[in-house]
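Each chain, letter by letter, is given below.
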Amino acid sequence: MKTFPKTKLAWLWEQMEGCRFIYILGIFGTVVYNGLQLTIPHFSSKIVDNFLSGEEAAANLANHRDQFLMLLGAMIGLTLLRVVIVYFVCMDFEMVSQKVLFRVRNYLFNKIERQDMKFYATYRTGDLMTRVTGDLDAVRHMVAWVVRMITEACALVGATSIYFFIMDWRLALALVAIGPVILFVIILFKKQVAPLHKLLREKLAQLNTDAQENISGNRVVKAFAREDYEIEKFDRCNKDYSQTNQKTALTWITYFPFIETAANLLPVVLLVVGGLFLINDQLTMGQFVAFSGLTWAIANPMRQLGSIMNEFQRFDAASYKVMEIYYSQPSIHDPEDPVPHPGRFEGKVEFKNVSFEYQDDEADGPILRNISFTANPGETIAIMGETGCGKTTLIQLIPRFYDPYEGEVLIDGINVKRFTLKELRKNIGLATQDVLLYSDTIDGNIAYGDSSLSSENVTKYARYSAASEFIAKMPEGYDTIVGERGVGLSGGQKQRISLARALAIRPSILILDDTTSAVDLETEKHIQDSLKHLDFPCTKIIIAQRISTTKNADKILILENGRITEAGTHEELIAKHGYYYEAVQLQMGAEEAERRA
Amino acid sequence: MADHRRNTYKEDEILEEPFDFKHLLRASVYIKKYAGKMLFAMTLSGIGGAVGLLAPMINQQALDIAIPNKDKDMLFRLVIFLVIIYVTSVIFATIRSRIMVKVSQNIIFDIRTDIFAHLQKLPFQYYDDRPHGKILIRVVNYVNSVSDMLSNGLINVILEIFNLIFIIIFMFIVDVKLSLVVMAGVPVLFVFMMWIKNRQRKAWQAVSNKNSNLNAYLQENIVGARITQIFAREDENADIFQVLSERCRKSWMKAVEYSNLVWPGIDGISVFVRAAIYFTGLLIIGQGNVTLGTIVAVSSYAARFWQPIMNLGNIFNNFINNIAYLERIFETLDEPVTVDDAPDAGDMPPIRGKVTFENVTFAYEPGKNVLKNVSFTVEPGESVALVGPTGAGKSTIVNLISRFYNVTEGRVLIDDQDISQVTLHSLRSQMGIMLQDSFIFSGTIEDNIRYGKLDASRDEIVRASQTVCANDFIMRMPDGYSTEVKERGSLLSQGQKQLISFARTLLSDPAILVLDEATSSIDVQTERNLQQGLNAMLKGRTSFIIAHRLSTIKNCDKIMYIDDGGIVECGTHEELMAKKGFYYKLYTAQMENIA
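Fair warning: this is a prediction, and the values are worked out from it, not measured in the lab.

1. Some words on the overall build of chain B
The helix and strand tally for chain B stands at 19 helices and 12 strands. What you see for chain B is a C-alpha radius of gyration of 35 Å, clearly larger than the 25 Å of a compact globule of 595 residues, by over 25%. The principal-axis extents of the C-alpha atoms in chain B amount to approximately 120 × 55 × 50 Å. The buried share of chain B, reckoned over its 595 residues, is 49%. Residue pairs in contact within chain B that sit at least 24 positions apart in sequence constitute 79% of those at least 6 positions apart.

What follows is the structure in structure tokens.
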């Protein structure tokens, strides 16, 4: 269990800032309407006693008609008052709970958005979604319902007890004596149900995660005809969740008979003790009726206690999960004294003796070792190497997705850690390997980094990345909505849109992580050409497998097992007869190379 | 389909259906299964309630007879009787709750199982057309919401209605005129409820829509957090989220504005009715037709009459609220399965590998043909390469072989068997398809590879990995094959993911192998090694390979150059080179580029 700076309730109180006053007003209102609830029957029973059922009813009615009307008026008036108060109190609680929900939800979104890679590797999408939706809803419910119910119970029990004690303390004591028993039962219940609620939150997250992965991976599921397997797998999650739910609810039901019996014991005790008092003339009939008319005000809250405790435990378990995100701190964040207004970078990128390893990776050795190189403004650096050699990790150090544990990454001679993340990343255009588009229009996707981009510019960058032609052929052109993750587009098309998106922010440093791997050669050539003639100055760092991409670079780096083993121009590296030479050979096809040789 | 447009977080999903209780009727499918149990639970509640009615009578006896007579024995006897009554009703209530907990959880389970199973049948297109967050919210959140309505809600409605009928009968037996006064409140209530119903329904639909939009945006942003960060768009996205969040809040407040009116509304009406009884009662008394006792009796019935109505009002509230979710669930269940087994579909016999396209035309959207009149035949064991510009229709062709989509015109045959006439499962389970997007499930690497063959032994998995050159890097991982890969394989490079999904495909031992840009992110050296393993693999299997690096496909038996939705050239590498057409141009361009 993590510990947080604040307890759950203190945290909740903090979230109510700005609406604490009306919340307390709502609690006060709850007390008031419950008070009215207790007093209104008094008026109606008076009407019945004095004007309808008593011996002098007819006489009273004849002589005190105004009193009758007053009582009737009071009854109606107070009920209307109560009804109005109830409405406003309910709305008050709803309003505050929605404000809290709104505030925490936005805060969590902000938090999630700004986390480091380790966070995303730890929490799965479905899990995070559960926290922002289902778990947070339990927090909302606490504010909207649980607190109101607790207030109601306290108000009813408190007022009635006081009234009882004033009337006859011995009888009152006999009735209240059940209290500690109930409390004991509820505490036992709490002990047993609390871990179940924790488990339930886990199971819900599990269910959400499983469903979300299945939906995201629907293509693979179909490709392997694994529908039955998936259904079976989901069934387990579903059953798990359903059974935990059952177990939680049944836990209450094992305690329910005790509480219910205790609540029912009240009128029985009243009848025994009150009856004996009556027989011994220690109590008047009127007092007895008053007692018996109000036992519900103690019995009903007792009955509610179980569900209140249940909901409270749900809040307890859920708020833990919410607070876990709420208080999480990314290890990569803005520096305390950032470089002020760096503006547009010149674009010089320098790695000085950089080594890197994933923190929790006990695998043998670092991912990157002693990487040093310099890319001057406007230059093109190509990086090549085997699958998993650390290329992607290397370029991710530039926008600070990770920080190196040794050495430094400099831009324009300044360590990247000294910029604010926003200033730093604003200057970097990155097209990742795993292309992720949003379910938005193509236009919206290209203008993702700069929503104010004019449509001419969107078209221009689409042209640069050789995307304009196929976009034009789409049913609604730039307004075509591409599905989540860009479905409906081929891999090459997605890559080109992702490239246009990176270019559209006119970055001073452009990083392409194998962005043209699924693009056909002719198109790639077009892209290479336009990259050479961009209308803004830009340093390019390109990861590529294709020689056609690398050969015109100012410098080619070969990465092997996290080290730079070769560095130089195309010609230099060919002359070296190393990894690069071999790669060229392979791609040309051995015989072709021989023929040309 | 005519007006086909994908949905995003920005738009609500339209649902053109007037409100009616038919959704509830339809839900009876789920209830039927438990009808016996529910009936039993209801009977228990009924008996428990009836037994509970004895309590006031015993109280009365005690107060009227035992106490005035100072008869302590009788008092104790009555108390014991009272205890028995209460204990009985507690036992009944406990049993009912036990039954209903199970029933309601089972109903949730059933609905969720159905919706999930149905989702598995829905074609790519369904998933392509809407944000996944909007699908997810239905499976998880909405289903959770409706369970109580379908179990306890339903029982309570029936009980309360019975309750109401009894009270009305009793009331009328006592006095007709006063009963009519009591009932006079009902039309008022009816008008009130009708007024509120329509507003409430719209309001709750809005809530479900706004939540759905929020969920969609949330999901996309969690998945795309890295993209957000690289474009430093955190603030802008937070603003968008805040707007969506605000809409949720507003729609909720609007909805509860009406919902919260129901209870006080009924309460208010009932008080007026009580006052009216007193008032008319008094007027009638003057005429001597009614005794005071009658008025007392009717006024107490009036209170009892309105209690179930108030309860019904609350349940009604709940129904209206949840029907907004229920209709979304049914909408998903009603989503037509466009790619489904034909009614008399048999199993695909073991595939030898002949693939034929007969005049195949295909359009994702009507009128926009992606493939036009494509015909070709591939003999068993042949390897076919598809080359050509991106977006030419290469992926579409291979998708049609697995019947991920239905052809618009023409036929696709495997071993001369029209694939639309065999079961999807028997067809696809014999195919190995490696998609462009190599999706990795969270779980161990071993689990991911095993996805291709669920009963594969560790040995088989290692062998498949060795064939695709994945074994080396897997062994270098902290826990080897047991290393947990997180969602979508973060911490694995794209190339590594491709190798794993390659191993997965190989393991499934397919009769027909489809590689769609399967090796695009794999470096050339690894690819060369992989090729050797692959060549052994390909022997005897029909295979379709889409690749841009021509060195990888040169040795294929057949190369098809696809452009503009058709086959432009077809032949072996040598033939096409001799032809000096599109392929020749492509190939020489590539070589020149390298050299």
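After that view, the rundown keeps rolling.
2. Thoughts on the overall build of chain A
A tally of regular secondary structure across chain A gives 22 helices and 12 strands. In terms of principal-axis extent, the alpha carbons of chain A reach across some 125 × 55 × 50 Å. In chain A, which comprises 597 residues, the share counted as buried stands at 49%. Restricting the contact set of chain A to residue pairs at least 6 apart, pairs at least 24 apart contribute 78%.

3. Observations regarding the domain arrangement of chain B
By a frequent convention, interface size equals the accessible area lost on bringing the separate parts together. On domain assignment, one finds that chain B holds domain 1 (22-32 + 122-334) and domain 2 (355-594). Each of domain 1 of chain B and domain 2 of chain B has a C-alpha centre, and the two are 53 Å apart.

4. Structural notes on the interface of chain B and chain A
Counting from both sides, the interface comprises 138 residues of chain B and, opposite them, 134 residues of chain A. Grouping the amino acids of the side of chain B that touches chain A by side-chain chemistry returns 67 nonpolar, 43 polar and 28 charged.

5. Here's the deal with the environment of Asp415 of chain B
Residue and element names in this part refer to chain B. Its location among the elements puts Asp415 in the loop between strand S4 (409-414) and strand S5 (417-418). With 17 C-beta atoms packed within 10 Å, Asp415 lands in the partly exposed category. Put simply, Asp415 and Val378 are 37 residues apart on the chain and 9.9 Å apart in space, counted from C-alpha to C-alpha. Excluding residues that lie within four positions of it along the chain, Asp415 makes contacts with Ile351, Arg352 and Lys354.

6. Quick notes on the pairing of strand S10 (residues 539-543) of chain A
Residues and elements named next belong to chain A. Within S10, 5 of the 5 residues are buried, which leaves it mostly tucked inside the rest of the structure. Across the two faces of S10 the burial is the same, with Thr539, Ile541 and Ile543 and Lys540 and Ile542 all buried. Alignment of strand S3 (residues 380-385) against S10, held across 4 bridges, turns out to be parallel. Opposite Thr380, over in S10, you have Lys540 as the bridge partner. Here strand S9 (residues 509-513) pairs with S10 via 5 bridges, running parallel. Residue pairing across strands places Asp513 opposite Ile543, the latter belonging to S10. For the crossover from S9 across helix H18 (residues 521-532) to S10, the handedness is right-handed.

7. A short note on the sheet that holds S5 of chain B
The strand order S2-S1-S4-S5 (chain B) describes an open sheet built from 4 strands, whose pairing is antiparallel. The open sheet has two edge strands, strand S2 (368-378) and S5 of chain B, and neither has a second partner.

8. Brief notes about the domain arrangement of chain A
All names here are of chain A. Under the domain assignment used here, chain A contains domain 1 (332-427 + 507-597) and domain 2 (436-506). With 12 residues of domain 1 at the contact, the number on the domain 2 side is 12 residues. At 4 residues, H18 tops the list of elements feeding residues into the side of domain 1 that touches domain 2. Its residues assigned to classes, the side of domain 1 that touches domain 2 shows 6 nonpolar, 5 polar and 1 charged.

9. Some words on the nonpolar core
All names here are of chain B. In this structure, Val143, Val182 and Ile277 are the most contacted members of the largest nonpolar core, which totals 164 residues. With 17 residues, the top contributor of residues to this core is helix H4 (residues 72-121). When residues no more than four places from it in sequence are discounted, the contact partners of Val182 are Met171, Val273, Ile277, Val298, Ala302 and Phe305.

10. Overview of the packing of helix H21 (residues 579-588) of chain A against helix H17 (residues 524-538) of chain B
At a closest axis distance of 9 Å, the pairing of H21 of chain A and H17 of chain B adopts a crossing angle of 50 degrees. Classified by the angle their axes make, H21 of chain A and H17 of chain B are oblique. The handedness of the crossing between H21 of chain A and H17 of chain B is left-handed. Each of Ala583, Leu586 and Gln587 of chain A in H21 of chain A lies in contact with H17 of chain B, whose residues at this interface are Val524, Gln525 and Arg528 of chain B. A per-class count over the contact of H21 of chain A with H17 of chain B returns 3 nonpolar, 2 polar and 1 charged.

11. Focus on helix H17 (residues 491-503) of chain A
Counted at 1.5 Å a residue, the expected span for H17 of chain A with its 13 residues is 18 Å, and the 18 Å between its end C-alpha atoms agrees. Most of H17 of chain A is tucked away, with 13 of its 13 residues classed as buried.

12. Describing the environment of Arg170 of chain A
Residue and element names in this part refer to chain A. Assignment of secondary structure puts Arg170 in helix H7 (residues 169-176). For Arg170, a count of 11 C-beta atoms within 10 Å gives the class exposed. A C-alpha to C-alpha distance of 74 Å links Arg170 and Lys417, two positions 247 residues apart in sequence.

13. Concerning unusual backbone geometry
Unusually for a residue other than glycine, Arg506 of chain A sits at a positive phi of about 45 degrees. Position of Arg506 of chain A among the secondary structure elements: in the loop between H17 and S9. The residue Lys70 of chain B is not glycine, and still its phi comes out positive at about 50 degrees. On the secondary structure map, Lys70 of chain B appears in the loop between helix H3 (54-66) and H4.

14. Some points on the sheet that holds strand S4 (residues 406-411) of chain A
Residue and element names in this part refer to chain A. Strand order in the open sheet made by the 4 strands is S2-S1-S4-S5, with antiparallel pairing throughout. The sheet is open, and its two edges are formed by strand S2 (368-375) and strand S5 (414-415), each paired on a single side. Sheet topology places S4 next to S5; 2 bridges connect them, and they run antiparallel. What sits directly across from Leu410, in S5, is Asn415.

15. Some remarks on helix H15 (residues 455-464) of chain A
Residues and elements named next belong to chain A. Turning to H15, its buried residues number three or more, namely Val458, Tyr461, Ala462 and Tyr464. Along H15, the residues classed as buried sweep out an arc of 155 degrees about the axis, all on the same side. Those residues of H15 that are buried are in contact with helix H14 (442-446), helix H16 (468-472), H17 and H18. Backbone geometry just downstream of H15 places Ala466 in the positive-phi region, at approximately 60 degrees.

About the thresholds
Residues numbered from 1 in each chain as written. Chains lettered and ligands numbered in written order. Predicted model: local features only at pLDDT ≥ 70, side-chain atom pairs only at ≥ 80, totals over all residues. Helix = DSSP H or I, 4+ residues; strand = E, 2+ residues; numbered from the N terminus. Rg over C-alpha atoms; globule rule 2.2 N^0.38 Å. Buried ≥ 20, exposed ≤ 12 C-beta atoms within 10 Å, placed from the backbone. Contact = placed C-beta atoms within 7 Å. Domains from an automatic or database assignment. Nonpolar A, V, L, I, M, F, W, Y, C, P; charged D, E, K, R; others polar. Pairing = 2+ DSSP bridges. Right-handed = clockwise from strand over helix to strand, strands pointing away. Core = buried A, V, L, I, M, F, W, Y, C linked by C-beta atoms within 7 Å. Axes fitted to C-alpha atoms, helices over the stretch in contact; angles between N-to-C directions. Parallel < 35°, antiparallel > 145°, perpendicular 65-115°, else oblique. Left-handed = near helix turned anticlockwise from the far one by under 90°. Expected span 1.5 Å × (residues − 1). Arc of directions from axis to C-beta.

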